Amino acid sequence: MPDVVDTVPPAIDQKGNIVIWWVPAIADLTAPKASTELGAVTAFRITHSLTTDGWPLTGSQATKLDERLGLLTPLESLDTLTQTFGSGIKYADSSAASSAAVVLKLTAPATSKSGFFVERRNVSNGVLATAAQPVRSIPATVGPQIRGPLDGNGKFTYLQQVAITGPIVEGILAV
């Protein structure tokens, strides 16, 4: 390909263009159903409960050293891909029925709660879930709520550890 002048590709803002749901059950992670799974009375949008640093899902990939006789520079190969929530999620304390503080609260005597986080990016959070929207489904178990730190001028928060319990699946919403 001949050299061309660089152009700046357009980018989509994160603010206002992400939705995160907590969904208790999903039959097919590659195609969660917008109407019956994300639209179930037991599924909730928890996006606006999360603090700006409260959705730390990230990934990294390790490398393996591949040293060879006679090579002055060791080679490398790709190793395990790790996706993690690090120290867990962080969200505002609230008594609203659809808030993360209520939705993710454990019911005694349970010590954890399992379900799925479904993340939709690059679509306005003012748009309802419909078929053909790209999503990623994250099988997860959350631990007990831990009261967040006080800073004297913010909102009360909760911290909650998250264990990823299965492969994270990139998919498309079904009807």
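The structure displayed is predicted, hence computed values, not measured ones. Each chain carries its own residue numbering, running from 1 in the written order of its sequence. Since the coordinates come from a predicted model, pLDDT governs what is reported: local features require at least 70, and pairs of side-chain atoms require 80 or more to be given and counted, while whole-chain, interface and lining totals use all residues. Only hydrogens and water are set aside when side-chain values are computed; all heavy atoms of the structure are taken into account.

Novice: What am I meant to see in the environment of Thr130 here?
Specialist: What counts as a helix is a DSSP run of H or I of at least four residues, what counts as a strand is a run of E of at least two, and both are numbered from the N terminus. Considering the arrangement of structural elements, one finds Thr130 in the loop between β6 (113-121) and β7 (134-147). You can call Thr130 partly exposed: its relative accessible area is 41%. In this structure, the C-alpha to C-alpha distance between Thr130 and Ile172, residues 42 residues apart in sequence, is 9.6 Å. Exposure categories follow from relative accessible area, calculated using a 1.4 Å probe and restricted to protein chains: below 20% of the type maximum is buried, above 50% is exposed, and the middle band is partly exposed.

Novice: In this structure, what is going on with the side chain of Gln160? I would like to understand it.
Specialist: With respect to the helices and strands, Gln160 occurs in strand β8 (residues 157-164). Think of a polar contact as two N or O atoms within 3.5 Å of one another; within protein, one of them needs to be a possible hydrogen donor and the other a possible acceptor, and neighboring residues in sequence only count if both atoms come from side chains. Among the polar contacts listed, one links the side chain of Gln160 to the backbone oxygen of Gly143, at a separation of 2.6 Å. Ignoring any residue separated from it by four or fewer positions in sequence, one finds Gln160 in contact with Gly88, Ile89, Tyr91, Leu104, Val142, Gly143, Pro144 and Gln145. Any two residues whose heavy atoms approach within 4.5 Å at even a single point are treated as in contact.

Novice: Which parts of the structure should I look at to understand the pattern of salt bridges?
Specialist: Two side chains bearing opposite charge may form a pair once their charged atoms approach each other closely. One speaks of a salt bridge when a side-chain nitrogen belonging to Lys or Arg is within 4 Å of a carboxyl oxygen belonging to Asp or Glu. Counted by the stated rule, this structure contains four salt bridges. Note that Lys90 is salt-bridged to Asp53, the shortest N-O span being 3.9 Å. With Lys90 in strand β5 (residues 89-92) and Asp53 in the loop between β2 (44-45) and β3 (58-66), this pair connects stretches of sequence that are 37 residues apart. A salt bridge links Asp66 to Arg68; the shortest N-O distance between them is 2.7 Å. Linked by salt bridges that have partners in common, Glu119, Arg121 and Arg136 make up one network.

Novice: Would you mind showing me how to read the nonpolar core here?
Specialist: The set of buried Ala, Val, Leu, Ile, Met, Phe, Trp, Tyr and Cys residues whose side-chain atoms join them within 4.5 Å is what this entry labels a nonpolar core. Within the largest apolar cluster, 20 residues are counted, with the highest numbers of intra-cluster contacts made by Trp55, Phe85, Ile89, Tyr91, Leu104 and Phe117. If you list the elements that add at least two residues to this core, you get β1 (18-23), β5, α1 (100-103), β7 and β8. Discounting chain neighbours no more than four positions away, the residues touching Ile89 are Leu50, Gly54, Trp55, Pro56, Leu104, Phe117, Tyr158, Leu159, Gln160 and Val162. Counting 13 residues, the second-largest nonpolar core is a separate cluster that includes Val19, Val23, Leu29 and Val135.

Novice: Could you clarify how one ought to interpret the layout of surface pockets in this entry?
Specialist: One way to see where empty space is left: roll a probe the size of a water molecule over the atoms. Think of a 1 Å grid over just the protein atoms. A cavity is a set of points where a 1.4 Å probe fits yet cannot get out, a pocket is an open set with protein on both sides within 12 Å along at least five of seven lines, and lining residues have an atom within 4 Å of a point. Grid points are joined across faces, edges and corners, and a volume is the space filled by probe spheres set on the points. Each pocket or cavity is described by its volume, and for the largest pocket that value is around 570 Å³. Along the wall of the largest pocket there are 20 residues; nearest its centre are Gln14, Lys15, Ile18, Thr52 and Trp55. Breaking the lining of the largest pocket down by element, the ones donating at least two residues are β1 and β6. In this classification, Asp, Glu, Lys and Arg are treated as charged, Ala, Val, Leu, Ile, Met, Phe, Trp, Tyr, Cys and Pro as nonpolar, and every other residue, Gly included, as polar. Residue classes in the lining of the largest pocket are distributed as six nonpolar, nine polar and five charged.

Novice: Explanation requested: unusual backbone geometry in the structure shown.
Specialist: Peptide bonds are mostly trans, and most non-glycine residues show a negative phi. Omega for the peptide link from Ala108 to Pro109 comes to 10°, which places this bond in the cis form. With respect to the helices, strands and loops of the structure, Pro109 is situated in the loop between α1 and β6. We note that Asn122 has phi near 65°; this positive angle belongs to a residue other than glycine. When you line up the elements, Asn122 lands in the loop between β6 and β7. Its relative accessible area of 53% is what places Asn122 among the exposed residues. Its identity as a non-glycine residue notwithstanding, Ala132 has a phi of 80°, on the positive side. When you line up the elements, Ala132 lands in the loop between β6 and β7. A relative accessible area of 56% places Ala132 in the exposed class.

Novice: What is the right way to look at the environment of Val102 in this model?
Specialist: Secondary-structure assignment places Val102 in helix α1. Classification of Val102 by relative accessible area gives partly exposed; the value is 35%. Not counting the four nearest positions on each side in its chain, Val102 is found in contact with Ser94, Ser95, Ala96 and Ala97.

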